[in-house]
Amino acid sequence: MTRTVAGFLRRRLSQGADRGGAVLRAGGSDRGASAIEFVFLTPLLFLMIFGAVQFAMYSFGESVAKAAAQAGARTARAQADADPAGWSGAAEQKAYDYIDQLGRGLFETRPDVDSARLGDNTVRVEVTARVPSILPWLDLTVRASSEGPVERFVPDDGG
């Protein structure tokens, strides 16, 4: 009995030594297991990397749109009473200038910038743009708006 156990162990050791793996295995061969793991895990890894890059592009696009809307709203607030006919164009141009300065080439097409006067005392600038998508099934549109009261300069009459 002792000889059969020793012979069995000797055969198992010699079989495991040429494969470079664990010498005593519980249930058959695991040849090709790392190739199968590679096939399943590589697409998941790439999806995670592309997702991280896509998230960064979307976040940066949202920040650029927000900064452009705020810059346009500052211009609109300052010029709405001083230049009733041209404040809207100046505010939109300021927003486009910010987009060109901060995020040139970031958006798929030229962003849409709209400005409006809400009542007598408030102006609003809204920026809408599409961020390019690495993942084909995503539709990523960023929207940012900024509004505030119109600046009114009232002379001090000394009273």
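Scroll up to find the structure.
Residues numbered from 1 in each chain as written. Predicted model: local features only at pLDDT ≥ 70, side-chain atom pairs only at ≥ 80, totals over all residues. Heavy atoms only, no water.

Draft legend 1. Main features of the packing of helix H2 (residues 33-79) against helix H3 (residues 87-102). Following both chains from N to C, one finds H2 and H3 inclined at 150°, their axes separated by 8 Å at the closest point. Here H2 is positioned roughly antiparallel relative to H3, judged by the angle of their axes. In this structure, the crossing between H2 and H3 has a hand that is right-handed. Listed contacts from H3 to Phe-60, Val-64, Ala-67, Ala-68, Ala-71, Gly-72, Arg-74, Thr-75, Ala-76 and Gln-79 of H2 are Trp-87, Ala-90, Ala-91, Lys-94, Ala-95, Tyr-98, Ile-99 and Leu-102. (Axes fitted to C-alpha atoms, helices over the stretch in contact; angles between N-to-C directions. Helix = DSSP H or I, 4+ residues; strand = E, 2+ residues; numbered from the N terminus. Parallel < 35°, antiparallel > 145°, perpendicular 65-115°, else oblique. Left-handed = near helix turned anticlockwise from the far one by under 90°. Contact = heavy atoms within 4.5 Å.)

Draft legend 2. Seen up close, a nonpolar patch on the surface. On the surface, a nonpolar cluster with roughly 1,100 Å² of combined accessible area is contributed by Ile-36, Phe-38, Val-39, Phe-40, Leu-41, Leu-44, Leu-47, Met-48, Trp-137 and Leu-138. Here Leu-138 is to be found in the loop between strand S2 (122-130) and strand S3 (141-149). (Patch = residues over 30% accessible without salt bridge, like charges linked within 9 Å, V, L, I, M, F, W, Y side chains within 5 Å. Areas by Shrake-Rupley, 256 points an atom, 1.4 Å probe, with all protein chains shown as cover. Salt bridge = Lys/Arg side-chain N within 4 Å of Asp/Glu carboxyl O.)

Draft legend 3. Structural context of the nonpolar core. Ranked by internal contacts, the top residues of the largest apolar core, which has 24 residues, are Ile-99, Phe-107, Val-113 and Val-127. Sorting the residues of this core by element identifies H2, H3, S2 and S3 as the ones contributing at least two each. Looking at which element gives the most residues to this core, the answer is H2, with six residues. Not counting residues within four places of it along the chain, the set of residues in contact with Phe-107 comprises Gly-61, Val-64, Ile-99, Ala-129, Arg-130, Val-131, Pro-132 and Val-142. (Core = buried A, V, L, I, M, F, W, Y, C linked by side-chain atoms within 4.5 Å. Buried < 20%, exposed > 50% of the residue type's maximum accessible area, 1.4 Å probe, protein only.)

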